[in-house]
Amino acid sequence: KTNFKHVTSKIKFPIEEDLSELKDYLMPTETVTSDDAKIIQKANELAQGEDDLFKVVHKIGLWTKENINYSLETLTAEVSQNASWVLENKFGVCDELTSLFVAMLRSLNIPARFATGQSYTNVINGFGNHAWAEVYFPGYGWVAFDPTYGQLGYVDATHIKMKTSQDIKDSD
């Protein structure tokens, strides 16, 4: 059974709630380059005119799914490309797509973190390591978004979460 939170009411964007307890999930990191001018510009472009938090997050997730190609070319055990690189090159593996998604959200003062674990994929016809995001919605808590799979506001039952972290490099 899939257990996910339904955001059933409008949450004002930009967020007006005090987010000081979530400051770690608002800051740039080595791979979450949310202070990069091009990331800030793209996030603001996608959020322009929206006043509903879920719509903003969904738009950014959909844009990531539709404009950044999943590619195993960057797959290494040692290196994960940062969000700025992913935006410029328009491809990456799951953790890199997620880094860009998280960076764009954080640039808009939307708390976001990484979830890592296992999920089923038809790329290998089995379970494999995977990364997706969780986004904080006031009044609801953390809600899963997987821009790689296009699961925006939920993840299916094949996602088995092992850990959450501020940066993908903290998930080892």
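Residues numbered from 1 in each chain as written. Predicted model: local features only at pLDDT ≥ 70, side-chain atom pairs only at ≥ 80, totals over all residues. Heavy atoms only, no water.

A separate point is the overall build of the chain. Helix and strand content of the chain: four helices and seven strands. Starting at the N terminus and ending at the C terminus, the chain contains elements arranged as α-α-β-α-β-α-β-β-β-β-β. Its C-alpha radius of gyration of 15 Å places the chain within 12% of the 16 Å reference for a compact globule of 172 residues. In terms of overall dimensions, the chain has C-alpha extents of about 40 × 40 × 30 Å along its principal axes. Classification of the 172 residues of the chain by burial places 51% in the buried group. Counting contacts in the chain only where the partners sit at least 6 residues apart, residues at least 24 apart contribute 64% of the total. Carbon and sulfur atoms make up 48% of the accessible area of the chain, which totals about 8700 Å². (Helix = DSSP H or I, 4+ residues; strand = E, 2+ residues; numbered from the N terminus. Rg over C-alpha atoms; globule rule 2.2 N^0.38 Å. Buried < 20%, exposed > 50% of the residue type's maximum accessible area, 1.4 Å probe, protein only. Contact = heavy atoms within 4.5 Å. Areas by Shrake-Rupley, 256 points an atom, 1.4 Å probe, with all protein chains shown as cover.)

For the rest of this paragraph, the subject is the sheet that holds strand β4 (residues 126-137). Strand order across the open sheet formed by five strands is β6-β5-β4-β3-β7, with antiparallel pairing between neighbours. Of all the strands in the sheet, the pair left with one neighbour each is β6 (151-152) and β7 (160-165). As paired strands, strand β5 (residues 141-146) and β6 are joined by two bridges and run antiparallel to one another. Its bridge partner lying in β6, D146 is registered against Q151. (Pairing = 2+ DSSP bridges.)

A separate point is a nonpolar patch on the surface. On the surface, Y70, L72, V123 and I124 cluster together into a nonpolar patch covering about 380 Å² of accessible area. Position of V123 relative to the elements: it lies in the loop between β3 (112-121) and β4. (Patch = residues over 30% accessible without salt bridge, like charges linked within 9 Å, V, L, I, M, F, W, Y side chains within 5 Å. Salt bridge = Lys/Arg side-chain N within 4 Å of Asp/Glu carboxyl O.)

This part covers the pattern of salt bridges. Inspection of every chain in the model, using the stated rule, returns six salt bridges. With a closest N to O distance of 3.7 Å, E30 and K169 form a salt bridge. Placement of E30 in the segment before α1 (37-47) and of K169 in the segment after β7 is noted, with a sequence separation of 139 residues between them. Judged by relative accessible area, which is 58%, E30 ranks as exposed.

We now examine the pairing of β4. When you tally the buried positions in β4, you get 10 out of 12 residues, the bulk of the element. Sheet analysis places β3 next to β4, joined by 10 bridges and oriented antiparallel. Directly across from Y120, in β4, lies its bridge partner F127. Count of turn residues in the β3/β4 antiparallel hairpin: four residues, of which N125 carries a positive phi of about 50°. Bridge analysis of β4 against β5 gives five bridges, and the strand direction is antiparallel. Residue F137 lies in a different strand from β5, and its bridge partner there is G141.

Core analysis: the largest hydrophobic core is formed by 44 residues, its most contacted members being V57, L100, I110 and F137. Those elements giving two or more residues to this core turn out to be α1, α2 (53-67), α3 (83-89), α4 (94-107), β3, β4 and β5. If we ignore the near neighbours within four places in the chain, the residues touching I110 are F13, I15, Y25, L26, L53, V56, V57, L105 and V135. (Core = buried A, V, L, I, M, F, W, Y, C linked by side-chain atoms within 4.5 Å.)

This part is about α2. If you check α2, its first and last C-alpha atoms are 21 Å apart, about what 15 residues at 1.5 Å a residue would give, namely 21 Å. For α2, the secondary structure elements touched by its buried residues are α1, α3, α4, β4, β5 and β6. For α2, the capping residue at the N-terminal end is D52, with a side-chain oxygen 2.9 Å from the backbone nitrogen of F54. (Expected span 1.5 Å × (residues − 1). Polar contact = N/O pair within 3.5 Å; in protein donor to acceptor, adjacent residues only side chain to side chain.)

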